[in-house]
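Close look at the chain arrangement
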Amino acid sequence: STPRVISPTTPNAAAVFASNVRVGLCHYNELGLEAAYRALSDPLVNSFDDPRTPLPNDGNAGFLRSDARLSIVFLSDEDDAFAAKPVSFYETFFKALKGGDSTMLSISAIVGPANLATCPTASSSGTRYMQLANSTGGVVESICTPDWARSLQNLSSSAFGPKRRFALSEAPADPAQIVVEVNGVPVVGTWTFDASSRSVVFDEAAAPPPGSIVEITYPLGC
């Protein structure tokens, strides 16, 4: 009965969010990746009202915007253990929603860590969630973190901070010859090349300010 899409104009937005995330418990079939996939697929993503149910206003129309970065955060104490699709399927789907531009996508996971000895209350390691977050350059945090302030700061920097990751249209023949300029000024020493996502990634303190013109040149292979 509360608004599904929360915006800066939503009255009592924090209280609405708190209500929405109290989803309750109905079974133990963990399907976090599939849930995100369905939420961003037809008919939900394009309908204000889901035509498959009698409930009113249970669609997600208006949430996905072409000019906005898509941020997804998975929170679970168990892995995505019941999904039939491979992680690569979800990665391809979410990237396609942003036209293949990985810099417009942020996927993070607060889950059971790989070393469960550090998180004995987690049912299992969130392996699939961590795989998706790592492959998209997102943030991975332990659900047993003792410092939620730091963990949430890491998440907010990834989801809402200045754009630091710039995808290249082609693979460079020699990453050592990549030249980066911001507003016509060469930038050296404050960025790295991430071959897995084929992106130039600026250091957090060196992110180009809004409105900057970023030019990246590099040689192509034969």
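Residues numbered from 1 in each chain as written. Predicted model: local features only at pLDDT ≥ 70, side-chain atom pairs only at ≥ 80, totals over all residues. Heavy atoms only, no water.

**Regarding the layout of surface pockets**
What counts is decided by this rule: Only protein atoms enter the calculation, which uses a 1 Å grid: trapped sets of points that fit a 1.4 Å probe without letting it out are cavities, open sets showing protein on both sides within 12 Å along at least five of seven lines are pockets, and any residue with an atom within 4 Å of a point is a lining residue. Grid points are joined across faces, edges and corners, and a volume is the space filled by probe spheres set on the points. The helix count covers DSSP runs of H or I at least four residues long, the strand count covers runs of E at least two residues long, and both are numbered beginning at the N terminus.
Roughly 330 Å³ of internal volume is contained in the second largest pocket. Around the second largest pocket sit 20 residues that line it, and Gly137, Ser157, Ser158, Arg164 and Arg165 are the ones nearest its centre. The set of elements that each furnish at least two residues to the lining of the second largest pocket consists of β2 (105-111) and α5 (148-160). Ranked by residue count, the leading element in the lining of the second largest pocket is α5, at four residues.

**A short note on the state of the cysteines**
Basically, it comes down to this: By disulfide we mean two sulfur atoms from cysteines, separated by a distance within 2.5 Å. Under the scheme applied here, a residue whose accessible area is under 20% of the maximum for its type counts as buried, over 50% as exposed, and between as partly exposed, the area being computed with a 1.4 Å probe on protein chains only.
Summed over all chains, the structure comprises one disulfide. Residue Cys119 pairs covalently with Cys144 via a disulfide, S to S 2.0 Å. Since a negative S-S torsion denotes a left-handed disulfide, the Cys119-Cys144 link at about 70 degrees is right-handed. Separated by 25 residues along the polypeptide, Cys119 in the loop between β2 and α4 (127-135) and Cys144 in the loop between β3 (140-142) and α5 bring together distant segments of the chain. By relative accessible area, which is 24% here, Cys144 ends up partly exposed.

**Focus: unusual backbone geometry**
Cis geometry marks the peptide bond from Asp42 to Pro43; its omega dihedral reads 0 degrees. Looking at the element boundaries, Pro43 is found in the loop between α2 (32-39) and β1 (70-75). Positive phi is not limited to glycine here, since Asn12 has a value of about 50 degrees. Looking at where Asn12 falls in the secondary structure, it is placed in the segment before α1 (13-20). Note on Asn12: relative accessible area 63%, which makes it exposed.

**A closer look at helix α3 (residues 87-97)**
Filter applied, for reference: In this description, one arc is meant: the one made by directions from the helix axis to the C-beta atoms. In this analysis, two residues are considered to be in contact whenever any of their non-hydrogen atoms come within 4.5 Å of each other.
If you check which residues of α3 are buried, you get Val87, Tyr90, Glu91, Phe93 and Phe94. Each buried residue of α3 lies within a common arc of 165 degrees when the element is viewed along its axis, so the set occupies one face. Opposite the packed face of α3, turned more than 90 degrees from it, sit the exposed residues Thr92 and Ala96. Tucked into the core, α3 has its buried residues touching α2, β1, β2 and α4.

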